[in-house]
Amino acid sequence: MCGIVGGVAERSITNILIEGLKRLEYRGYDSAGLALVDHGQILRERRVGKVANLEQAVEESAIVGSLGIAHTRWATHGKPTENNAHPHISGRVAVVHNGIIENYQELKDDLEALGYNFTSQTDTEVVAHLVHEALKSTPDLLKAVEQVVPQLKGAYALGIVDTEYPDELIAVREGSPLVIGVGIGENFISSDQLALLPVTNRFIYLEEGDIARLTRETIEVFVNGQPVERPIKELDATISNATKGEFKHYMLKEIYEQPEAIQQTISQALNGNALRTDFLENAEVDFKNIKQVQIIACGTSYHAGMIGKYWFEQLSGLPCQVEIASEYRYRSPVIVADTLYVCISQSGETADTLAALRDTKKRAAEKGLNISTMTICNVATSSMVRETNHHLLTLAGPEIGVASTKAFTTQLAVLMLLILKIGQVKQAISPEKIEEITTEMWHTPKVILDTLQNDKEILRLSELFVEKQHCLFLGRGTEFPIALEGALKLKEISYIHAEGYAAGELKHGPLALVDNDMPVVILAPKDDMLDKLKSNMEEVQARGGELFVFADENSGIKNKDRQHVVNVPSVSTWLAPIIYSVPVQLLSYHVAVLRGTDVDQPRNLAKSVTVE
Ligand code: G6P
């Protein structure tokens, strides 16, 4: 998704902007650009494709400047072309923008009537012209921006420079994330703090509606024209651990980081085999009263939520619904008092999940209903964490690969911890059960390590997928969401069409697709459903389908003609979804590598979807 980097310094910031853009590459984009203010001029370069193309152009033109803004664009309005790439310029003004200006057409008509010519198809260009127009009557850049912002409808973050103000950078946050990086004698902005880690570890997290004016020495933040204080936060050094190391791709590194990520995540909540007394203690009162749970999420996080539903209902006895945020927010769901609303999000910034949360809170307040909100998130400073009553962090470290891996399995670990806590508070889960599950949770890192031993075998099997066009994933119970997740992983990074199904649904449609060219991946832990699953496997084989089975080592499922079995260590039903995530991640990864796709940044996708 789009990324913003900007800065004002004494030195030339060209390389800082390029490095920042490179660090945002993981979010997904299709073009990039930057504009520098130098000796009363705006110097701009824009290129379609990778930041490396822009870097080369900048090296060739040798442009420098101590004030500038830069951007990676993920096309929403207008194709990914050089003309549509940011920054957009109107005379003396240059603008970069994340998000969407919903009323841009109306504004564009008015601006065209005033004589402005548009050189792009973007919604962003209206902002540049509006600021330019406002500067005719308001000889102050900040005031001009303050005049423009109320005219814009939508969710956005902006970085704005003006050749007449060569020491000022204006930043606006209205529905799209933006942070200020506080330097010494220099200051920066970015849509993601990761971009600024080479220059600072001190950040100000702007809030919705904030407009900031940065100079080399000062940072002022305003709300409705009035100055406000925003604290500076120092970032934990471990968060900067975002390099590929010895691994070929971030995704592979992140798959291998799962044992440690789970270990870290559960350590925050467990003391031996008991829940720590201080774990979520502020939430205990709310937990006592809740009568049901509503989970809201998108993508892979939604699949984690689906597993949460099984667990919530089986373990704590609480009714639990789970829904995709983009559906939930638009279908006028009934808000019920004493519900715990749980947002699951790696980034904490996904536009639909955030909007669903805000709508829910608003509607509950309007009706005077008592609800509780919680975020399960990998980014401690994110909007969702800030806007919910409680939060639980997945301590997975930065996840760079677009396809979520370690964030997913740590979300599952956190969901289990949450359920145990609620079950304990409501006395719905016995201390013995809590001890049994937490004991197993401590074993998870080791079991994942053992499962990773299958990597070479999975690589060998993945060769059989390279030429395929379609693939089915089947599972039952909590392996059904893993089947969906496996299919999502395979399609997003290898571009093979894949579907996940509850194995019991096979006869209701997907069986019609099965022939000798259709690989069918089966998730077969040793649980109560194993015999039924074996019958489903027979049904596939009888139609000539080729089976790839990730099976419990004690399942009795063996290799045979057109049935390839990878043995997975025996685990309890509770941990099975975490463990079975690993082979499906490895399978998708290897198939994608063999097909030569861009594994970490698959086409058309973004890591953090901050627009609808
Ligand atoms: C994008 C990412 C997915 C992610 C989804 C939800 O589609 O590519 O990996 O699962 O957004 O993101 P979130 O940050 O809310 O978990």
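Residues numbered from 1 in each chain as written. Predicted model: local features only at pLDDT ≥ 70, side-chain atom pairs only at ≥ 80, totals over all residues. Heavy atoms only, no water.

> Which residues make up helix α5 (residues 141-148), and what values go with them?
α5 sits mainly inside the fold: six of its eight residues count as buried. Listing the buried residues of α5 in full gives Leu 141, Leu 142, Ala 144, Val 145, Glu 146 and Val 148. For α5, the N-terminal capping position is held by Asp 140, with its side-chain oxygen 3.2 Å away from the main-chain nitrogen of Leu 142. (Buried < 20%, exposed > 50% of the residue type's maximum accessible area, 1.4 Å probe, protein only. Helix = DSSP H or I, 4+ residues; strand = E, 2+ residues; numbered from the N terminus. Polar contact = N/O pair within 3.5 Å; in protein donor to acceptor, adjacent residues only side chain to side chain.)

> Before we move on, can you summarise the site of the ligand with the specific residues and values?
In the vicinity of the ligand lie 13 residues, with Ser 301, Ser 345, Gln 346, Ser 347 and Thr 350 positioned nearest. Ser 347 is positioned such that a nitrogen or oxygen atom in its side chain is 2.6 Å from an oxygen atom of the ligand. In the environment of the ligand, an oxygen atom lies 2.9 Å from a nitrogen or oxygen atom belonging to the backbone of Ala 606. In the complex, 90% of the free accessible area of the ligand, which totals 390 Å², lies under the protein chains. Taken atom by atom, the bulk of the ligand overlaps the second largest pocket. If you tally residues by element for the shell around the ligand, the top one is helix α9 (residues 299-316), at three residues. When residues of the shell around the ligand are sorted by domain, at least three fall in each of domain 2 (244-448) and domain 3 (453-612). (Near = heavy atom within 4 Å. Areas by Shrake-Rupley, 256 points an atom, 1.4 Å probe, with all protein chains shown as cover. 1 Å grid on protein atoms, 1.4 Å probe; cavity = no way out; pocket = protein on both sides within 12 Å on 5 of 7 lines; lining within 4 Å. Sits in = over half its atoms within 2 Å of the grid points. Domains from an automatic or database assignment.)

> Now, about the layout of surface pockets: what can you tell me, with residues and values included?
Gaps between atoms show up when a probe of the same size as a water molecule is rolled over them. In this structure, the second largest pocket encloses a volume near 520 Å³. If you trace the second largest pocket, you find 27 residues lining it, with Cys 298, Gly 299, Ala 606, Lys 607 and Val 609 closest to the centre. At the level of elements, α9, β20 (339-345), α11 (351-367) and α16 (479-494) are the ones that each hand at least two residues to the lining of the second largest pocket. Class assignment of the residues belonging to the lining of the second largest pocket gives a composition of 11 nonpolar, 11 polar and five charged. Here the lining of the second largest pocket spans two domains, since at least three of its residues come from each of domain 2 (244-448) and domain 3 (453-612). (Points joined across faces, edges and corners; volume = space filled by probe spheres on them. Nonpolar A, V, L, I, M, F, W, Y, C, P; charged D, E, K, R; others polar.)

> Can you lay out empty space enclosed by the protein for me, pointing to particular residues and giving the numbers?
Under the definition given, this model contains two cavities of 30 Å³ or more. Computed from the structure, the largest cavity encloses a volume of approximately 100 Å³. Cys 2, Trp 74, Thr 76, His 86 and Gly 99 are the residues nearest the centre of the largest cavity, which is lined by 13 residues in total. Residue contributions to the lining of the largest cavity peak at three residues, all from strand β6 (residues 93-101). Along the walls of the second largest cavity sit Gly 475, Arg 476, Glu 479, Leu 523, Pro 525, Asp 527, Met 529 and Leu 533, which together make up its complete lining. Broken down by class, the residue content of the lining of the second largest cavity amounts to four nonpolar, one polar and three charged.

Don't take any of this as a statement about function, it's just geometry.
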